[in-house]
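So the chains spell out like this:
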Amino acid sequence: MPRFDAVLFDLDGVLADTAHIHFAAWRRLGEELGIHLEPAFEEKLKGVDRMGSLELILAHGGPEGSVTRTAEEKRVLADRKNSYYTAAIAEQTPDDLLPGARRVLEEVRAAGLKIALASASRNAPPLLQQLGIASLIDAIADPAAVKAPKPAPDLFLEAARLVGAVPERCLGIEDSVAGIISIKDAGMVAVGIGDPTVLTSADYVVPTTEQFHIGDFL
Ligand code: BG6
Ligand code: MG
């Protein structure tokens, strides 16, 4: 009997090669605000939702950055970053999937497991369409519908609920530190995609999506 009933996927950096596109959009906004984001800052923003990312960036610019801006001013800044991001991904096609992403989804389906998306991105549904993988996914957890964003467990618990799986029988796959914490706090098994010295709380770490095989976990 397989150990899992469902696999819950992050999108940016796991299925789609979009993690660096999010960061490039934040860097552009940062430069406009006089806040330089060094390359190492990318790791801190992975998995963090839009407003949470903006707060981290403003704090990086100095202690006054957040408190001196109104909620409306912050919304305008977040919208501006999103306009840079959506313009950059407008031309994404199935060729922009991370290597192995489609094969991984197909193997999980062939193994009889459900697939849900647990992405913090509000841009996930149109991106899945562009990448041609929407039909391979059974359910998408809506980040706007849960109480707390990653690293809270809410989004992964919602993804599990949508496909009728109990947390102990879910495998979560993530490229971010925040996401791995969500999966573990949800009581699920966590697979990190990336560097084991960064994703230290993951149960398993695989360097790239291409090297992930569901058969290794069943
Ligand atoms: C996550 C990304 O998947 O989605 C983050 O790792 C991003 O970098 C977050 O901030 C929210 O995305 P969006 O598209 O709703 O701004
Ligand atoms: Mg990610």
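Since the structure is predicted, the reported quantities are computational estimates derived from the model, not experimental observations.

Engineer: Lay out the packing of aromatic side chains in plain terms, naming residues and giving numbers.
Structural biologist: On inspection of all chains with the given rule, the structure shows 2 aromatic pairs. Ring geometry for Tyr204 and Phe217: centres 5.1 Å apart, planes at 80°, overall edge-to-face. Taken together, the positions of Tyr204 in strand S6 (residues 204-206) and Phe217 in the segment after S6 put the pair 13 residues apart, joining distant regions of the chain. Judged by relative accessible area, which is 7%, Phe217 ranks as buried. Arg28 extends its terminal NZ or CZ atom over the ring of Tyr84, reaching a point 3.6 Å from the ring centre. In this arrangement the basic side chain of Lys81 is found over the ring face of Tyr85, its NZ or CZ atom lying 4.9 Å from the centre.

Engineer: Quick one: what's the story with the pairing of strand S4 (residues 170-174), residue by residue and with numbers?
Structural biologist: The buried fraction of S4 amounts to 5 of the 5 residues, a majority that puts the element mostly inside the structure. Because side chains alternate across S4, one face comprises the buried residues Cys170, Gly172 and Glu174, and the other comprises Leu171 and Ile173, equally buried. When S4 meets strand S5 (residues 189-193), the two strands line up parallel, connected through 4 bridges. Along S5, the bridge assignment pairs Gly172 with Ala190.

Engineer: Tell me about the sheet that holds strand S3 (residues 139-140), and please be specific about residues and values.
Structural biologist: If you trace the 6 strands from one edge of the open sheet to the other, you get S3-S2-S1-S4-S5-S6, paired in parallel fashion. Strands with a single pairing partner mark the edges of an open sheet, and in this sheet they are S3 and S6. Where strand S1 (residues 6-9) meets S4, 4 bridges bridge the pair, whose relative direction is parallel. Bridging across to S4, Val7 finds its partner in Leu171.

Engineer: Can you break down the UniProt feature "active site" (unreviewed entry) in the protein chain residue by residue, with the values?
Structural biologist: UniProt records the feature "active site" (unreviewed entry) at Asp10 and Asp12, using the numbering of this structure. Position of Asp10 among the secondary structure elements: in the loop between S1 and helix H1 (19-33). According to the relative accessible area criterion, Asp10 is buried, its value standing at 4%. For Asp10, the contacting residues outside a window of four places in its chain are Leu15, Leu117, Ala118, Ser119, Lys150, Ile173, Glu174 and Asp175.

Engineer: Would you mind going over helix H6 (residues 101-110) in detail, with residue names and values included?
Structural biologist: Of all the positions in H6, only Ala101, Val104, Leu105 and Val108 are classed as buried. Projection of H6 onto a plane perpendicular to its axis shows the buried side chains occupying an angular sector of 95°, all on one side. Immediately downstream of H6, the backbone of Gly112 shows phi near 85°, a positive value.

Engineer: How would you summarise the site of ligand 1 if you had to cite specific residues and measurements?
Structural biologist: The full set close to ligand 1 counts 15 residues, and Asp12, Arg50, Ser121, Arg122 and Asn123 are the nearest of them. In this structure, an oxygen atom belonging to ligand 1 sits 2.6 Å away from a side-chain N or O atom of Asp12. The separation between an oxygen atom of ligand 1 and a polar main-chain atom of Gly47 is 2.9 Å. The protein chains hide 97% of the 390 Å² of surface that ligand 1 would expose on its own. Here the shell around ligand 1 spans two domains, and each of domain 1 (6-16 + 94-216) and domain 2 (19-90) adds at least three residues to it.

Engineer: Describe the pattern of salt bridges, with residues and values.
Structural biologist: Applying the stated criterion across every chain yields a total of 14 salt bridges. The shortest N-O distance in the salt bridge between Glu32 and Arg28 comes to 3.8 Å. Here the residue Glu32 and the residue Arg28 both occupy positions in helix H1, the gap between them amounting to 4 residues, near one helical turn. As a salt-bridge pair, Asp138 and Arg109 come within 3.6 Å of each other at their nearest N and O atoms. With Asp138 in the loop between helix H7 (124-131) and S3 and Arg109 in helix H6, this residue pair connects regions lying 29 residues apart in the sequence. On the basis of relative accessibility, which here comes to 35%, the residue Arg109 falls in the partly exposed class. Through salt bridges that share partners, Asp10, Lys150 and Glu174 make up one connected network.

Engineer: Which residues make up the coordination of the magnesium ion (ligand 2), and what values do they have?
Structural biologist: Expected angles at a metal are 109.5 degrees for tetrahedral coordination by four donors and either 90 or 180 degrees for octahedral coordination by six donors. Coordination of the magnesium ion (ligand 2) by the protein involves Asp10 (OD), Asp12 (O) and Asp175 (OD), with metal-donor separations of 2.0 to 2.2 Å. The sequence pattern formed by the donor residues of the magnesium ion (ligand 2) is D-x1-D-x162-D. Taken together, the residues span a long stretch of sequence, with Asp10 in the loop between S1 and H1 and Asp175 in the loop between S4 and helix H9 (177-185) at a distance of 165 residues. Using a relative accessible area of 6% as the deciding quantity, one classes Asp175 as buried.

What counts and what doesn't
Residues numbered from 1 in each chain as written. Chains lettered and ligands numbered in written order. Predicted model: local features only at pLDDT ≥ 70, side-chain atom pairs only at ≥ 80, totals over all residues. Heavy atoms only, no water. Phe/Tyr/Trp six-rings, centres within 6.5 Å; stacked < 30°, edge-to-face > 60°. Helix = DSSP H or I, 4+ residues; strand = E, 2+ residues; numbered from the N terminus. Buried < 20%, exposed > 50% of the residue type's maximum accessible area, 1.4 Å probe, protein only. Lys NZ or Arg CZ within 6 Å of the ring centre and 35° of its normal. Pairing = 2+ DSSP bridges. UniProt positions renumbered as here; feature names shortened; annotations may be inferred. Contact = heavy atoms within 4.5 Å. Arc of directions from axis to C-beta. Near = heavy atom within 4 Å. Polar contact = N/O pair within 3.5 Å; in protein donor to acceptor, adjacent residues only side chain to side chain. Areas by Shrake-Rupley, 256 points an atom, 1.4 Å probe, with all protein chains shown as cover. Domains from an automatic or database assignment. Salt bridge = Lys/Arg side-chain N within 4 Å of Asp/Glu carboxyl O. Donors = N, O, S within 2.8 Å, 3.2 Å for Na, K, Ca; no water.

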